[in-house]
Amino acid sequence: MATNLLEQLSGMFTSDLVGQIGHFLGEGTPAVQKGVPAALSALVGGVASKGATTEGAAQILGQVRSGGFGENTLSGMAASLAGGEATKGLLEQGNSLVGSLLGNRAGGVAEWLSSVSGLGKGSAQSLLALLAPFVMGKIGKEAQEKDLGAVGLSGLLEGQGPFLQQAAPAGLAGLLGLSSLSGLGGGACPSALFSGPLSKIVWILAGIVVAFLLYTLPQRCSMKTPAIQPAPPQVQAPAVKVDPKLGAFGDVTLPDGVTLNIPEFGIERKLLAFIQDGARPVDKTTWFTFDRLQFETGSAVLKPSSQEQLGNIAAILKAFPQVAIKIGGYTDNVGDPQANLKLSRDRASNTMQELVKLGIDPSRLESEGYGEEHPVADNATEEGRQQNRRIDVRVTKK
């Protein structure tokens, strides 16, 4: 019977360990409970995708051996997650592993994990890093107990596809660059059929097939070829819009019957998930970032391209009339701090006024500018500064 790595790993994370992780991340238990199996799915999927070839499996074995991953890694889970320097060390080790296993897909996987679990993006990234050493520990234990080389490990990892397909939340396959999780690996090499105990039977059957083809082919060639009827025209399904960062767009019907076409990892789905999850209370730390809101450079004037997302947010607020929100504006740290503060205030205010124009009662809205405070990325890079120039939303009542 095939070994289900995902199921065995998930079973190791008791409620106590989940609580320890939540305490370290500063996240509630419900979000961590959702996040752990999803994160494990992503990590096992990443390992299986990389190790489905003998060459990839050999690299993973090398990482397992050089890192000392195995039974001791798993038996020390409680101590490693207890906080302090041990957990910080685990996090540092895991960050390196996540980069190796997921490569440039790590950011997208963290966004996906945040979306499906309710964890903040930073917490989702940290959760992946905390769990990665235990995934490698499980692989190390399997390799040691079963004396697996690269070929054996490749077979073990190929077999994870059906388990992942059944258990992983939607959207993971695309993030890992796969058409489906069940398609991990390419199956057994056909040449194996022509060696070993069954080889004589296979060769005999092959000879019979060849003889049959040689006998019937001349007769078939002399037969009149029937006219080929043209195939009926195919009806093409409408193309699905896919954003490289936000995933595939799909229809979501709101409680009032309005249907929105929104991306898998956009602010709309995150906001809806938060509003509809009764286990997630309103707080002052859970913010969601607009991902398709654009302003003129150095200005608080919204570009016309922003109207689609503003319209979606207005539709969500209309569908949930009890919900109130706060809009926060932020900038990078380039330029005069006071000018940045004013710009952030004006942008947040203009965003709020656009929602009012779309029919939202002003009493349900508030805005504030924070300037260069509360950065979410490193201002030393252009990419980081771009992430810090943003408009966020926080639910203040639901």
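Predicted model, so just to flag it, every value in this text is computed and none were measured.

Asker: Before we go on, may I ask you to explain helix 4 (residues 54-67) in this structure?
Answerer: Because an α-helix packs 3.6 residues into every turn, residues spaced three or four apart end up facing the same way. Spanning 14 residues, helix 4 covers 20 Å between terminal C-alpha atoms, matching the ideal 20 Å at 1.5 Å per step. Looking only at helix 4, the buried set comprises Gly56, Ala57, Ile60, Leu61, Gln63 and Val64. Seen along its axis, helix 4 keeps its buried residues to an arc of 160°; they face one direction. Of the residues in helix 4, the exposed ones pointing more than 90 degrees away from the buried face are Glu55, Arg65 and Ser66. Here the buried face of helix 4 lies against helix 3 (29-51), helix 7 (84-102), helix 9 (121-145) and helix 10 (150-158). Two residues or fewer past helix 4, Gly68 is found with a positive phi of approximately 65°.

Asker: Would you mind showing me how to read the pattern of salt bridges here?
Answerer: For side chains bearing opposite charge, pairing can occur when the charged atoms are close. On inspection of all chains with the given rule, the structure shows 17 salt bridges. Its salt-bridge partner being Glu142, residue Lys138 comes within 3.1 Å of it at the nearest N-O pair. Of this pair, Lys138 and Glu142 both sit in helix 9, separated by 4 residues, roughly a single helical turn. Notably, a salt bridge pairs Glu142 with Lys146, separated by 2.7 Å at the nearest N-O pair. Counted as one network, the salt bridges with shared partners bring together Glu268, Asp291, Arg292 and Glu308.

Asker: Looking at this structure, I do not really get the layout of surface pockets. What am I missing?
Answerer: By rolling a water-sized probe across the atoms, one finds the places where empty space is left. Reported here for the second largest pocket is a volume of approximately 180 Å³. Lining the second largest pocket, in full, are Asn4, Leu6, Glu7, Ser10, Pro37, Ala38, Ser41, Phe163, Gln166, Ala167 and Pro169. At the level of elements, helix 1 (5-12), helix 3 and helix 11 (161-167) are the ones that each hand at least two residues to the lining of the second largest pocket. Along the lines of polarity and charge, the residues of the lining of the second largest pocket split into 6 nonpolar, 4 polar and 1 charged.

Asker: Honestly, the nonpolar core in this entry has me stumped. Any pointers?
Answerer: If you look at soluble globular proteins, the nonpolar side chains tend to sit buried side by side. Counting residues in each nonpolar core, the largest one holds 62 residues, and the members touching the most others are Phe13, Ile21, Trp112, Leu127, Leu128 and Leu131. Ranked by the residues each element gives to this core, the list is headed by helix 9, at 12 residues. Those residues in contact with Trp112 that sit more than four places away from it in its chain are Ala38, Ala42, Pro169, Ala170, Gly171, Leu172, Leu175 and Phe265. Ile262, Phe274, Phe288 and Leu302 belong to the second-largest nonpolar core, a separate cluster that totals 33 residues.

What counts, and at which threshold
- Residues numbered from 1 in each chain as written.
- Predicted model: local features only at pLDDT ≥ 70, side-chain atom pairs only at ≥ 80, totals over all residues.
- Heavy atoms only, no water.
- Helix = DSSP H or I, 4+ residues; strand = E, 2+ residues; numbered from the N terminus.
- Expected span 1.5 Å × (residues − 1).
- Buried < 20%, exposed > 50% of the residue type's maximum accessible area, 1.4 Å probe, protein only.
- Arc of directions from axis to C-beta.
- Contact = heavy atoms within 4.5 Å.
- Salt bridge = Lys/Arg side-chain N within 4 Å of Asp/Glu carboxyl O.
- 1 Å grid on protein atoms, 1.4 Å probe; cavity = no way out; pocket = protein on both sides within 12 Å on 5 of 7 lines; lining within 4 Å.
- Points joined across faces, edges and corners; volume = space filled by probe spheres on them.
- Nonpolar A, V, L, I, M, F, W, Y, C, P; charged D, E, K, R; others polar.
- Core = buried A, V, L, I, M, F, W, Y, C linked by side-chain atoms within 4.5 Å.

Taken by themselves, the reported measurements are silent on function.
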